[in-house]
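Observations on chain architecture
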Amino acid sequence: MTSTQVHTPSTGKYTQPTGLFINNEFVKSVDGKTFETINPATEEVICSVSEATEKDVDIAVAAARKAYEHVWRKETPENRGKMLVNLANLIEKNADLLAAVERSTTERLSGWQRLTYYGGWADKIEGKVIDTNPDTFTYTRQEPIGVCGQIIPWNFPLLMWAWKIGPAIATGNVVVIKTAEQTPLSGLVAASLIKEAGFPPGVINIISGFGKIAGAALSSHMDVDKIAFTGSTVVGRQIMKAAAGSNLKKVTLELGGKSPNIVFDDADIENAISWVNFGIFFNHGQCCCAGSRVYVQSGIYDKFVERFKARALANKVGDPFDAETFQGPQVSQLQFDRIMGYISEGKKEGATVVTGGERHGDKGFFIQPTIFSNVTEDMKIMQEEIFGPVCSIAKFETEEEIIATGNNSTYGLAAAVHTTNLNTALRVANNIRAGTVWVNSYNLLHHQVPFGGFKESGIGRELGEAALSNYTQCKSVSIRLGDALF
Ligand code: ADP
């Protein structure tokens, strides 16, 4: 069987594909292995899906290679773009179902806009003519890299699926995507639309499986030309090692963060609280760019902490299918335990629990929105990525001091500054070492705007025009027009 009937509260029964999507077909894994997907709100099993091992990775990579060499390289950019737009339209048509599947394990986002956007780029990839000498005609081509392995995380399964497919396919590559073991379902439902969108077999392959097995096989594969990874910094290092130890495949990484969210005395305090709240508690803190280090200038510190506490308490925690819900469950028991571990560490280290700090309810992986104050720079909860609904607040005095403190992290993914002074905003934005800086806002990602990390938060950029360069390589062609030189 490569599909099963699954129920969601908002759509009723639907057919959930459970196979590996290779060559435009859902197939069982070679060893017939499967693994379960758990609903984190109820802790019940939703269904089981096929598990890819090294053998399945080999089959998927061979399918991708064949498609690349024999079919996809010969396709016109215009047609590549059309297929991406077709897929975007099919995803939009099935948006309610996809959102429901997504909500069964994580959040409620869809990714179709990114595919339309990258569909538009497909026929706008251009090279240059370089005038070196009257006797020589030289031009460059931005060529695809080839077979791309893409490993995605569980926090935004469908969004990450689309972020990865869009730029890779637009630029003429073929892909093997490994979804995260906690959240394979929405990616498989979306996979069922690929054939109808017109893609030839083998161009987009989607496999489910575990990181240490399927993920490791993909990142060390000798016939994978590039690996793109989104996930933890720990695993990012392993991916780079696997690339280095195999065929030196190209690597792009979008990793963790511990992003500073800085509030100056002159900020519009209610606005700032809304964004700080959204910055940390959106998607239950399961965002690589979560604003988990909150720094508030001393003049408004006490007032801010009191009002932020009230705001966090008003966030409704509960059933992800309830329209009133702001915060659902953490994705898994493992994540729940990790986050609760950080909370008890914070308590032990002497930080003050302003609100939260406990499990919410007694079923499902729910955690109360948690704010710690009196946090010092050396505490674990101020330095390490928690990936949950937990933030640390500290007080600062001067702009100079907060730029240094804001940069006091091995990460550099995002930051925000809240102030009504334009000069302060721009000075801080220019001096913070992070790939994205928001002013008087937070988490405002847009598919046209590059996103990625400084320092240990990553290599390369996703989204926008910048993402295209992760998936092309420059070839220079020189044509001698004159007589032989030698
Ligand atoms: P988390 O720890 O939050 O689950 P990970 O970085 O472990 O995040 O997971 C992100 C993705 O990386 C998932 O698809 C996972 O299966 C994959 N992954 C985990 N370990 C490895 C590994 N050693 N090699 C390749 N991929 C891996």
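It should be emphasised that the depicted structure is a prediction, and the values quoted were computed from it without experimental measurement.

Cut-offs used in this document
Along every chain, residues carry numbers that run from 1 in the direction the sequence is written. Local features in a predicted model are, by the rule used here, given only for residues with pLDDT of at least 70; side-chain atom pairs are given and counted only at 80 or more, and totals for whole chains, interfaces and linings are based on all residues. The side-chain values count all of the structure's non-hydrogen atoms but skip hydrogen atoms and water molecules. Labels follow the DSSP assignment, with helices taken as runs of H or I lasting at least four residues and strands as runs of E lasting at least two, numbered in each case from the N terminus. Note on method: radius of gyration uses C-alpha positions; expected globular size equals 2.2 Å times residues raised to 0.38. The classification of residues rests on relative accessible area computed with a 1.4 Å probe and restricted to protein chains. Under 20% of the type maximum is buried, over 50% is exposed, and intermediate values are partly exposed. When checking whether two residues touch, look at their non-hydrogen atoms; a contact exists if any pair is within 4.5 Å. Only the protein chains shown count as cover for residues, with accessible areas throughout obtained via the Shrake-Rupley method and a probe of 1.4 Å. Asp and Glu count as negative and Lys and Arg as positive, but His and the ends of the chain are not part of the count. Each charge is placed at NZ for Lys, CZ for Arg, CG for Asp and CD for Glu. The term salt bridge refers to a side-chain nitrogen of Lys or Arg lying within 4 Å of a carboxyl oxygen of Asp or Glu. It suffices for a single heavy atom of a residue to lie within 4 Å of a molecule or strand for the residue to be listed as near it. Side-chain atoms alone can form a polar contact between residues adjacent in sequence; in general such a contact is a pair of N or O atoms within 3.5 Å, and within protein one must be able to donate a hydrogen while the other accepts it. Classification convention: Asp, Glu, Lys, Arg as charged; Ala, Val, Leu, Ile, Met, Phe, Trp, Tyr, Cys, Pro as nonpolar; all other residues, Gly among them, as polar. We treat two strands as partners when DSSP finds at least two bridges between them. Simply put, an axis is a line fit to the C-alpha atoms, just over the touching stretch for a helix, and the angle between two N-to-C directions goes from 0 to 180 degrees. Here the arc refers to the directions that run from the helix axis out to each C-beta atom. Looking at any residue, its pLDDT shows the predictor's confidence there, from 0 to 100. Relative orientations are named as follows: roughly parallel for angles under 35 degrees, roughly antiparallel for angles over 145 degrees, roughly perpendicular for angles from 65 to 115 degrees, and oblique for any other angle. Here a crossing is called left-handed whenever its near helix is offset anticlockwise from the far helix by less than a right angle, and right-handed whenever the offset is clockwise. If the strands point away from the viewer and the path from the first strand over the helix to the second runs clockwise, then the crossover is right-handed. Multiply 1.5 Å by the residue count of a helix minus one, and that product is the helix's expected span.

1. With respect to the overall build of the protein
The helix and strand tally for the protein stands at 14 helices and 24 strands. Relative to the compact-globule value of 23 Å for 486 residues, the protein shows a C-alpha radius of gyration of 24 Å, a close match. Dimensions of the protein along its principal axes, counting C-alpha atoms only, are 75 × 60 × 40 Å. Burial analysis of the protein (486 residues in total) assigns 56% to the buried set. Counting only contacts in the protein whose residues sit at least 6 apart along the sequence, the fraction spanning at least 24 positions is 74%. Summed over all atoms, the accessible surface of the protein reaches about 19800 Å², with 52% contributed by carbon and sulfur. Considering the protein, the positive charge centre built from 46 side chains and the negative charge centre built from 52 side chains are found 4 Å apart.

2. Observations regarding the pattern of salt bridges
Inspection of the entire model under this criterion finds 19 salt bridges. A salt bridge links D31 to K55; the shortest N-O distance between them is 2.9 Å. In this pair, D31 sits in the loop between β4 (25-27) and β5 (34-39) while K55 sits in helix α1 (residues 54-70), placing the two residues 24 residues apart along the sequence. D31 sits in the partly exposed class, given a relative accessible area of 40%.

3. Topic: the site of the ligand
Lining the immediate surroundings of the ligand are 20 residues, of which I152, W154, K178, E181 and S232 lie closest. E181 is positioned such that a nitrogen or oxygen atom in its side chain is 2.5 Å from an oxygen atom of the ligand. Look at the ligand: alone it shows 550 Å² of surface, and the protein chains cover 86% of it. The set of elements that each furnish at least two residues to the shell around the ligand consists of α7 (211-219), β12 (226-230), α8 (233-245) and α11 (333-348). Its residues assigned to classes, the shell around the ligand shows eight nonpolar, nine polar and three charged.

4. Concerning the environment of T2
When you line up the elements, T2 lands in the segment before β1 (3-8). We classify T2 as partly exposed; its relative accessible area is 26%. As a C-alpha pair, T2 and G19 span 17 residues in sequence and 4.5 Å in three-dimensional space. Contacts of T2, omitting those with residues within four sequence positions, involve Q16, P17, T18, G19, F26, V27 and K28.

5. A short note on the sheet that holds strand β21 (residues 436-439)
Spatial ordering of the open sheet is given by β16-β17-β18-β15-β14-β20-β21, a layout of seven strands whose pairing is mixed. At either margin of the open sheet sits one strand with a lone partner, and together these are β16 (352-355) and β21. The mean angle between the axes of side-by-side strands here comes to 25°, regardless of whether they run parallel or antiparallel. Here strand β14 (residues 260-263) runs beside strand β15 (residues 293-297); their pairing, made up of four bridges, is parallel. Bridge pairing links I262 to Y295 in β15. Its contacts with the sheet put helix α9 (residues 269-281) on β14, β15, β17 (370-373), β18 (390-396) and β20 (414-418), and the angle it makes with β14 is roughly 170°. The sheet strands contacting helix α10 (residues 301-313) are β14, β15, β16, β17 and β18, and the helix crosses β18 at an angle near 165°.

6. Some points on helix α13 (residues 399-406)
Of the positions making up α13, those classed as buried are E399, I402, I403, T405 and G406. One side of α13 carries all its buried residues, which in axial view fall inside an arc of 165°. Relative to its buried face, α13 has exposed residues pointing more than 90 degrees away, namely E400 and A404. Residues of α13 that are buried make contact with β14, β15, β18 and α14 (422-431).

7. Comments concerning the sheet that holds strand β24 (residues 472-480)
One open sheet accounts for three strands, arranged β7-β8-β24; its pairing is antiparallel. The sheet is open, and its two edges are formed by β7 (129-133) and β24, each paired on a single side. The mean inter-strand angle of the sheet, taken between neighbouring strand axes irrespective of direction, is 25°.

8. A few points about the confidence of the model for the protein
Of all residues in the protein, 99% attain a pLDDT of 70 or more, and the chain-wide mean is 96. Interface confidence for the predicted complex, given as ipTM, is 0.98, next to a pTM of 0.96.

9. Describing the packing of α9 against α10
To characterise two packed helices, one gives the angle between the axes of the helices and the distance between these axes. Relative orientation of the contacting elements α9 and α10 amounts to 55°, with a least axis distance of 10 Å. In this view, α9 runs oblique relative to α10, as classed from their interaxial angle. Seen from above, α9 lies across α10 with right-handed handedness. Contact with α9, carried on its side by I269, E270, A272, I273, S274, V276, N277, I280 and F281, involves K303, F304, R307, F308, R311 and A312 of α10 and no other residues of that element. Class assignment of the residues belonging to the contact of α9 with α10 gives a composition of nine nonpolar, two polar and four charged.

10. What about the pairing of β12?
The buried fraction of β12 is high, at five of five residues. Residues K226, A228 and T230 point to one face of β12 and I227 and F229 to the other, with burial holding for every one of them. Alignment of β12 against strand β13 (residues 250-254), held across five bridges, turns out to be parallel. In the strand pairing of β13, K226 is matched with K250. What joins β12 to β13 is α8, and the crossover it makes is right-handed.

11. Details of α11
Since the α-helix turns once every 3.6 residues, residues separated by three or four places project in the same direction. For α11, with 16 residues, the first-to-last C-alpha span of 22 Å sits near the 22 Å given by 1.5 Å per residue. For α11, the complete set of buried residues consists of Q335, F336, I339, M340, Y342, I343 and G346. Taken end-on, α11 shows its buried residues confined to a sector of 155°, consistent with a single buried face. For α11, exposure combined with an orientation more than 90 degrees from the buried face picks out L334 and K348. Tucked inside the fold, the buried residues of α11 contact β17, α12 (380-383) and β18. G350 lies just past α11 and shows a positive phi near 100°.

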